[in-house]
Amino acid sequence: MAFSFFGGVHPKENKWYAEEQRTLGFPEPDILVIPMSQHIGAPCQPLVKKGDTVTMGQKIGDNQGLCVPVHAPVSGKVKAVEMRPHSSGMTQMSVVIENDHKGTLCPDIHPRTPEEVAALSKEDLMAIIREAGIVGMGGATFPTHVKLSSGMGKVDTIIVNVSECEPYIVADDRLCQEFPDEMLSGLQIIMKILDQKAAVVAMEDNKEAAAKAIRAAIDPKTGIRLEILPAKYPQGAEKQLIYAVTGREVPSGGLPAAVGCAVFNAATCKAIHDAVYEGMPLIRRIVTVSGDIVMIPRNLLVPIGTSFDDLLEAAGRGGVPYKVLSGGPMMGVAQFDLSVPVTKGTNAVTILGQKNRYAVSHPHCIRCGKCMDACPMHLMPVKMYEAATSGNVEEMKSYDMLDCIECGCCAYTCPATIPLVQAFRAGKQRIRDAQPPRK
Amino acid sequence: MAEPIKQMKNPKYFYELTISSSPHAHSPVTTQVIMRDVLIALLPALIGSVCFFGFRALMVTLVSAAACVFFEWGYRKIMKKDSTVYDLSAVVTGVLLAYVCPVTIPYWMIIIGDFFAIVLVKQLFGGIGKNFVNPALAARAFLFSWPVVMSTWVKPGFENAAGIFSTADAVTAATPLAAMHAGSLEGVSLLELMVGNVGGCLGETSAVLLLIGGAYLVIRKVITPRIPLAFIGTVAVIGLLFPQGNDRITWMLASVCSGGVMLGAIFMATDYVTSPITKAGQIIFGIGCGVITMVIRYFGAYNEGVSYAILVMNACVVLLDKVGRPRKFGAPKKEAAKK
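Residues numbered from 1 in each chain as written. Chains lettered and ligands numbered in written order. Predicted model: local features only at pLDDT ≥ 70, side-chain atom pairs only at ≥ 80, totals over all residues.

Notes on the interface of chain A and chain B
Listed per partner, the contact involves 60 residues of chain A and 36 residues of chain B. Put simply, the parts of the chain that give the side of chain A that touches chain B at least two residues each are strand 7 (76-85), strand 15 (321-326), strand 16 (333-335), helix 14 (409-413) and helix 15 (420-434) of chain A. For the side of chain A that touches chain B, the leading source of residues is strand 15 of chain A, giving five residues. For the side of chain A that touches chain B, the class distribution of residues is 34 nonpolar, 15 polar and 11 charged. (Contact = placed C-beta atoms within 7 Å. Helix = DSSP H or I, 4+ residues; strand = E, 2+ residues; numbered from the N terminus. Nonpolar A, V, L, I, M, F, W, Y, C, P; charged D, E, K, R; others polar.)

Pasting the structure below:
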């Protein structure tokens, strides 16, 4: 039984740009930049230095604590270990690799037969997932092994997130059409770790081809079922998806495990399959390169570390870009430097043309309340904005600004085009700054 | 040292990229589009008014709208603020003020009303979105400083329509409300009341045409039907429970269709700026408007109470928004009750 979450908006989907584009390999770039921090948690320490030779799949960075390793996506020579621009807008310690185009595989990588996989214990599987550097590939990049270990014993519902509610992005849609078996096999590994007999693949109703492919690939004995949800943004937000599938509300400030749910991205499931069966760490991912001024919208299977410039080159430009986004138009991060690399969480590069420019000529709130009707967290953006502009931290907190998920529904729908999300981000930072440091 | 970035090496890759906080997409519905929709929704009533009261209805409306735009532009210009003329909200205020005045109102008087609405009620409080009462209704209340002019009603129909420039040849008539205030609905058929071929303010008489406009606003999602339904529903229930003449059903329908109930419920009480933004608040707001309207009609000296009811409820909006605050996603249910 599917529930519909409250609020949300329905932006123009624009999925047709890249929907029909088969995932293609990519002429491997000469220079790759691999940031040491591609996940939430402690950044990796580089394990290689300038001049070292690396092989494809070799571990080049790792650290203790909440951290997953990063690997060399190609074989070649380490050209530099230095700070490089990152798609978050900051600079990150990165390993720069000069590709030798030989594709020498790391000697540690061994495929496993299904019998070997069946013999692995839960702990072994989790160790493999950690060592393969797998994180949530929908964009949040939370280390998957931590999610699995924290969910053990608490989770009764596993949800695979194929909702992909952002406009333009079709990477998960293509993945389900082209690699449904790998995706489901990865899901079965998750089910084994979490001791579950059933799981739900949640998909929006605008992905008919993907739904068909998944339905054909599902073995009824596995207990996996497909749930089709009405398309609405932000369906893919974890809390909204859990509500849409199960009707449970994740408590404010809580994790999905608190209501017995664990949500995994479709690309993450495939990465788990690759890590367990092929022994291949997470060094490639599908990226949708789309946008209204792209000549040939594409879905590309690219090595992590490929620069945005190379992706733009592959897609071709049909005009002067206005914004280049890492991600989709609703939550993507606008880039100012196209030398930034694709990371584990980059599901799309969206290139928007000049016609997306909209002027904020009259930023006067008319108290229409459309932001409240759109807010999937049932907050009051209009009041939060008043509090944010007044700078009153107590008032900001009293309007639950910290519960804002920054989905952008309010700012999307605001008739006065007030930059609400920007104000809330700044406001949240002020609240955090005002809190006494943790001891 | 970092290698020079690729953009610099290959000038063909150099673009001026814009960076800003997400979202990068925007809904095509802007303030201007909303106000345009409101004006479209008001159009049927204007056409009706021209049919009932003659060409002067159109002139009064146009003069009022033009004056509002002028005052809005002039004030923002003098105070060196950004121009808010293009959001069309001043036009809406002007049209609404014309709708709540008699068609015989002198032009100088409606211009004074426009000045009061735009400059004193709206701009002095900070412009669009900041006024706490509905500008058009506040101006109407102000214009009652000339009570005789404001309660002179002409008989509808082309033969009696007032001339464009003069008000002398108007034939005055009692409104259905006055008859109802006196105790019974006589001389007016219910059908005429619904169509609007009765005496009354310029734009308020035709329940049917105003409902068409309201339906358009609901379909275009400019307004939710919460406030109008609560308002009209309350008036209907009170009319049904406490009829003061005729039979219950006739009295109920006459209560709903007469006076400013339709115009007030659909276009005035739903004014974004001066109505609650919370769902529960909107329903209480609508019920409050209905109750006060009927109390004034039954016990007041004057026979109409819609505009005062809305003005009174406008003052309660801040309170209603506190009461109606939604339970946030993931908050425990009892915590919401505590707030």
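Details of the packing of helix 11 (residues 226-241) of chain B against helix 13 (residues 261-268) of chain B
Residue and element names in this part refer to chain B. For the pair helix 11 and helix 13, interaxial distance at closest approach is 8 Å and the crossing angle is 155°. On the basis of the axis angle, helix 11 is roughly antiparallel to helix 13. You can see that helix 11 and helix 13 cross each other, and the crossing is right-handed. Residues Ile227, Pro228, Phe231, Ile232 and Val235 of helix 11 form the contact with helix 13, whose own contacting residues are Val261, Ala265 and Ile266. Classifying every residue of the contact of helix 11 with helix 13 by side-chain character gives eight nonpolar, no polar and no charged. (Axes fitted to C-alpha atoms, helices over the stretch in contact; angles between N-to-C directions. Parallel < 35°, antiparallel > 145°, perpendicular 65-115°, else oblique. Left-handed = near helix turned anticlockwise from the far one by under 90°.)

Brief notes about helix 12 (residues 248-257) of chain B
Residues and elements named next belong to chain B. For helix 12, the set of buried residues is Ala254, Ser255, Val256 and Cys257. Buried positions along helix 12 lie against helix 8 (176-182), helix 9 (190-195), helix 10 (207-219), helix 11 and helix 13. At the exit of helix 12 stands Gly259, carrying a positive phi of roughly 65°. (Buried ≥ 20, exposed ≤ 12 C-beta atoms within 10 Å, placed from the backbone.)

Digging into the sheet that holds strand 9 (residues 157-162) of chain A
Residue and element names in this part refer to chain A. The four strands lie next to each other as 11-10-9-12, forming an open sheet whose pairing is parallel. For this open sheet the edge positions go to strand 11 (224-229) and strand 12 (261-265), each flanked by a neighbour on one side alone. The mean angle between the axes of side-by-side strands here comes to 25°, regardless of whether they run parallel or antiparallel. The pairing of strand 9 with strand 10 (residues 199-204) spans four bridges and is parallel. From the neighbouring strand, Val162 faces strand 10, where its bridge partner is Met203. (Pairing = 2+ DSSP bridges.)

Remarks on unusual backbone geometry
It is generally the case that most residues other than glycine have a negative phi and that most peptide bonds are trans. Residues and elements named next belong to chain A. Put simply, Tyr233 and Pro234 share a cis peptide bond, and its omega is -5°. Inspection of the secondary structure assignment puts Pro234 in the loop between strand 11 and helix 8 (238-246). For Asn14, which is not glycine, the phi dihedral falls at a positive 55°. Relative to the helices and strands, Asn14 resides in the segment before helix 1 (16-19). Among the residues examined, Asn14 registers 21 C-beta atoms within 10 Å and is labelled buried. Within the chain, His101 stands out as a residue other than glycine whose phi angle is a positive 60°. Inspection of the secondary structure puts His101 in the loop between strand 8 (91-99) and helix 2 (114-119).

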